[in-house]
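# An overview of the molecular structure
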Amino acid sequence: MIKNIGIGTGRRKTATARVFIREGNGKITVNGKDLADYFATPEQIQVVKQPLMVTASDTKYDFIINVKGGGLNGQAGACLHGIARALTQVDQANYASLHANGYLTRDSRMVERKKYGQRGARRRFQFSKR
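A brief look at the structure comes next. (Residues numbered from 1 in each chain as written. Predicted model: local features only at pLDDT ≥ 70, side-chain atom pairs only at ≥ 80, totals over all residues. Heavy atoms only, no water.)

## Examining the pattern of salt bridges
- In total, this model carries four salt bridges according to the counting rule given.
- Put simply, E112 and K115 hold a salt bridge, and the shortest N to O gap is 2.8 Å.
- We classify K115 as partly exposed; its relative accessible area is 22%.
- Linking R122 and E112 is a salt bridge whose minimum nitrogen-to-oxygen distance equals 2.9 Å. With R122 in the segment after α4 (95–100) and E112 in the segment after α4, this residue pair connects regions lying 10 residues apart in the sequence.
- Note on E112: relative accessible area 36%, which makes it partly exposed.
- Residues participating in the shared-partner salt-bridge network are R12, D107 and R109. (Salt bridge = Lys/Arg side-chain N within 4 Å of Asp/Glu carboxyl O. Buried < 20%, exposed > 50% of the residue type's maximum accessible area, 1.4 Å probe, protein only. Helix = DSSP H or I, 4+ residues; strand = E, 2+ residues; numbered from the N terminus.)

Right, dumping it as structure tokens:
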């Protein structure tokens, strides 16, 4: 039986990623697919791999990621956050480098909600003096 050695939850916008770390050789699986098959652009793949490059653990562990909600860019950011948290859980020595690069901070920017009686979040109807 394969045992998870670390678990991390990452969030970005409306996307949530659950990351499971196992002993392995660097394979990343996202929702049952290979990393390159799931994400559309090389930039998104690069975003997901950033914490692994910083901690030099890209060939030490296998990652199983379940991600839902949002679009592909938000999901890539959620995966980054989850991987960083899981790496910290596995080895506390990773914390300093991950924190210095800002990978442990949740990017809290979300779409502002639409207000009632208006056309959008900030858009107001045109003012008429007369």
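## A short note on the sheet that holds strand β5 (residues 61–68)
- Within the open sheet, the five strands sit side by side as β1-β2-β5-β3-β4. Their pairing is mixed. For this open sheet the edge positions go to β1 (6–12) and β4 (33–34), each flanked by a neighbour on one side alone.
- As defined by bridge partners, strand β3 (residues 28–30) adjoins β5 across three bridges and the pair is classed as parallel. Bridging from a neighbouring strand, V30 pairs with I65 of β5. (Pairing = 2+ DSSP bridges.)

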